[in-house]
Amino acid sequence: MDRIIIEGGRVLNGEVRIGGAKNAALPILASALLTDGWNTFSNVPNLMDVESINRLLVHLGASVESTPGTVRINAAGLNNSEAPYDLVRKMRASILVLGPLVARLKRARVSLPGGCAIGARPINIHLKALSEMGAVLELKGGYVEATAETLRGKELFLDLPTVTGTENIMMAAALAEGETIIRNAAREPEVVALAGTLKQMGSLITGAGTSVITIQGVSSLSPVSVSIIPDRIETGTFMVAAALTRGDVLLKGCEPGHQNALIDKLTMAGAKIQTEEGAIRICGGDVVESVDVKTLPYPGFPTDMQAQFMVLMSVANGLSVISETIFEDRFIHVGELRRMGADITVSGNTAAIKGVPMLSGAPVMATDLRASASLVLAGLVAKGKTEINRVYHLDRGYERLEEKFARLGAFIKRVKG
Ligand code: EPU
């Protein structure tokens, strides 16, 4: 298993190019199942999760061709309605094939993803919506089995604005009979990106980016060429790294409009941020001020940036409070950060962070994707050597993170094997 070794204390300076968004790529690649013929997706990040969804699409009968940055998918051969446990357990976003399979094949057998390191993560809202649209669902042997002779558009209310739930329903509704209205829909940019793709395929869909999305079902959709939007969490991770090391970093190929919540908090913490179309420049302040944060659905502060922001608060001037309201168990990084000298106390979904003058390097263990990113950030600012194990978590969602940090001046390297 690969490890990442960091000698902390370098100031980050220079330019970095942001890649395509993992969480936009996954539903968009799955949406190719709704069409016959070759779809071409560009700006696709080279990540383990992307490989996993491609492997699943091939398993379902689609043809997939990948070259660096581009994935072509043709689902004309779609003939298998089963997403097996072995593929789903590697990546819970595999659940994104449920909506397209029910819409195209009128049936699906998809392994239930189960919980993961950050929470129980049920899919009851996805299932309730499909059932209201006419699918008959059964849970058997760890699988959800769905059949739907006819999927009918319906007015749906989501208990929570689930991101992949909204995406699954949009894809099912695109080929359903009649009109579907999703109330309390997720408003994340990745939902908007999927809606844009579906629209280009010929779907009649309005309201994406607001909490009410309306989809008029059509009988068939056409293949498309789509470029994946920039990854706002990769962007945010580099922004925090610049603030943390008191660096001066220019991020290119990103979308500043997706970063309002983070820009606000980083500015309060003392960083100087300038934006222009497709670029963000961030200079760290001399002192990191403490700032309270509460994670919320978009456009609130993203849960996927909580662990990284906590590292910044670990070296802030004073006490900050971070509340995690999206996932019930997303403080697993705290134990490792404490081993690096952070002063953090957790009570329920709230962490109180008392800034310390300095973190110190230590061997640490990555436990999930964003927790791993936070350990890299901690290593960048810590005194001495940090060794991060189980880097495969990081590789699920960040493309060549260590190379990008090294080009900005960090002393960081990957040790293979
Ligand atoms: N929830 C339910 N029932 C459902 C669906 C969700 O109770 O049927 C709950 C979840 O347990 C959670 C909350 O609703 O407490 C929000 O979950 P959501 O469904 O929105 O999350 P997701 O769609 O499974 C996506 C991202 C996550 C990101 C969350 C929140 C993808 C592939 N994943 O997950 O990304 O944290 O939205 O923004 O888009 C990551 O990239 O590291 C990651 C975990």
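Remember, predicted model here, so these are calculated numbers, not experimental data. Along each chain, the written sequence defines residue order, and numbers are assigned to residues from 1. In keeping with the model being predicted, local features are shown solely for residues with a pLDDT of at least 70 and side-chain atom pairs are shown and tallied solely at 80 or more, while totals for entire chains, interfaces and linings include all residues. Just so you know, side-chain values use all the structure's heavy atoms and leave hydrogens and water out.

K.L.:
Mind showing me how you'd approach the packing of aromatic side chains here?
P.N.:
Remark: the centre distance and the inter-plane angle together describe each pair of aromatic rings, the angle taken between the planes. Aromatic rings from Phe, Tyr and Trp, with only the six-membered ring used for Trp, were paired whenever their centres fell within 6.5 Å, and each pair was classed as stacked if the ring planes differed by under 30 degrees, edge-to-face if by over 60, and tilted otherwise. Per the counting criterion, the structure on display carries two aromatic pairs. For the ring pair F301 and F309, a centre distance of 5.4 Å and an interplane angle of 75 degrees mean the geometry is edge-to-face. Residues F301 and F309 agree in their burial class; the two are buried. Placement of a positive charge over a ring is assigned whenever Lys NZ or Arg CZ falls within 6 Å of the ring centre and within 35 degrees of the normal to the ring plane. The ring of W38 has R72 lying over it, and the distance from NZ or CZ to the ring centre is 4.6 Å. Any residue under 20% of the maximum accessible area for its type is buried, any over 50% is exposed, and the rest in between are partly exposed; the area is computed with a 1.4 Å probe on protein chains only.

K.L.:
Just to check I follow, could you spell out the pairing of strand β11 (residues 179–183) for this structure?
P.N.:
It is a general feature of regular strands that their side chains alternate between the two faces of the sheet. A pair of strands is labelled paired if DSSP reports no fewer than 2 bridges between them. Think of it this way: any DSSP run of H or I at least four residues long counts as a helix, any run of E at least two long counts as a strand, and we number them from the N terminus. For strand β10 (residues 155–157) and β11, the ladder comprises three bridges, and the chain directions are parallel. Looking at β11, one finds that F157 is bridged to R183. Tracing the backbone out of β10, into helix α6 (residues 163–174) and back to the parallel element β11 gives a crossover that is right-handed. As judged from the five bridges shared by β11 and strand β13 (residues 212–216), these two strands associate in the antiparallel manner. Assignment of crossover handedness uses the view with strands pointing away from the viewer, where a clockwise path from the first strand over the helix to the second indicates a right-handed crossover.

K.L.:
I tried to follow the environment of P299 on my own but got confused; where do I start?
P.N.:
Of note, P299 is situated in the loop between β18 (293–294) and α10 (306–314). Here the alpha-carbon distance between P299 and Q259, two residues 40 residues apart in the chain, equals 8.6 Å.

K.L.:
Can you walk me through the nonpolar core in this structure?
P.N.:
Soluble globular proteins: nonpolar side chains tend toward being buried together. For our purposes a nonpolar core is just a set of buried Ala, Val, Leu, Ile, Met, Phe, Trp, Tyr and Cys residues, chained together by side-chain atoms within 4.5 Å. Counting residues in hydrophobic clusters, the biggest one holds 76 residues, and the most contacted among them are F41, V97, V110, L151 and M170. Whether two residues are in contact is decided by their heavy atoms: any pair within 4.5 Å suffices. Discounting chain neighbours no more than four positions away, the residues touching V97 are A30, L33, L56, L57, L60, A83 and V110. Counting 69 residues, the second-largest nonpolar core is a separate cluster that includes A269, A316, F331 and V334.

K.L.:
Looking at this model, I keep getting lost on a nonpolar patch on the surface. Mind explaining?
P.N.:
Taken together, the side chains of M1, M48 and Y392 present a nonpolar region at the surface, about 310 Å² in accessible area. Inspection of the secondary structure puts M1 in the segment before β1 (3–7). Within this analysis, patches are made of residues with over 30% relative accessible area and no salt bridge. Like charges are joined at 9 Å or less; nonpolar side chains (Val, Leu, Ile, Met, Phe, Trp, Tyr) at 5 Å or less. Shrake-Rupley sampling with a 1.4 Å probe provides the accessible areas, and residues are treated as covered by the protein chains on show and by no other component. Any Lys or Arg side-chain nitrogen found within 4 Å of a carboxyl oxygen on Asp or Glu counts as a salt bridge.

K.L.:
How should I be thinking about the layout of surface pockets in this particular structure?
P.N.:
If a probe the size of a water molecule is rolled over the atoms, the empty space left behind becomes visible. Definitions used for this entry: grid spacing 1 Å over protein atoms alone; cavity, a set of points where a 1.4 Å probe fits but cannot get out; pocket, an open set with protein on both sides within 12 Å along at least 5 of 7 lines; lining residue, one with an atom within 4 Å of a point. Grid points are joined across faces, edges and corners, and a volume is the space filled by probe spheres set on the points. Roughly 280 Å³ of volume is contained in the second largest pocket. If you trace the second largest pocket, you find 18 residues lining it, with A103, K106, L175, V218 and S219 closest to the centre.

K.L.:
Would you mind going over the pattern of salt bridges with me for this structure?
P.N.:
Pairs can form between side chains of opposite charge once their charged atoms are near each other. Taken as a whole and judged by the stated rule, the model has 25 salt bridges. E82 serves as the salt-bridge partner of R109, at 3.0 Å between the closest nitrogen and oxygen. Separated by 27 residues along the polypeptide, R109 in strand β7 (residues 107–111) and E82 in strand β6 (residues 82–83) bring together distant segments of the chain. What makes R109 partly exposed here is its relative accessible area of 26%.

K.L.:
Help me understand unusual backbone geometry, please; the structure alone is not making it clear to me.
P.N.:
Most peptide bonds are trans, and most residues other than glycine sit at a negative phi. In this structure, the amide linkage connecting Y298 to the following residue, P299, adopts the cis form with an omega of 10 degrees. You will see that N43, though not glycine, has its phi angle at about 55 degrees, which is positive. Its place among the elements puts N43 in the loop between β3 (38–42) and α2 (48–59). Residue N43 is classed as partly exposed on the basis of its relative accessible area of 32%. Residues other than glycine seldom take positive phi values, yet R400 does so here, at roughly 45 degrees. As for its placement among the helices and strands, R400 is situated in the loop between α13 (392–395) and α14 (401–407). Given a relative accessible area of 38%, R400 falls into the partly exposed group.

So far we have only geometry, and geometry alone does not tell us how the molecule works.
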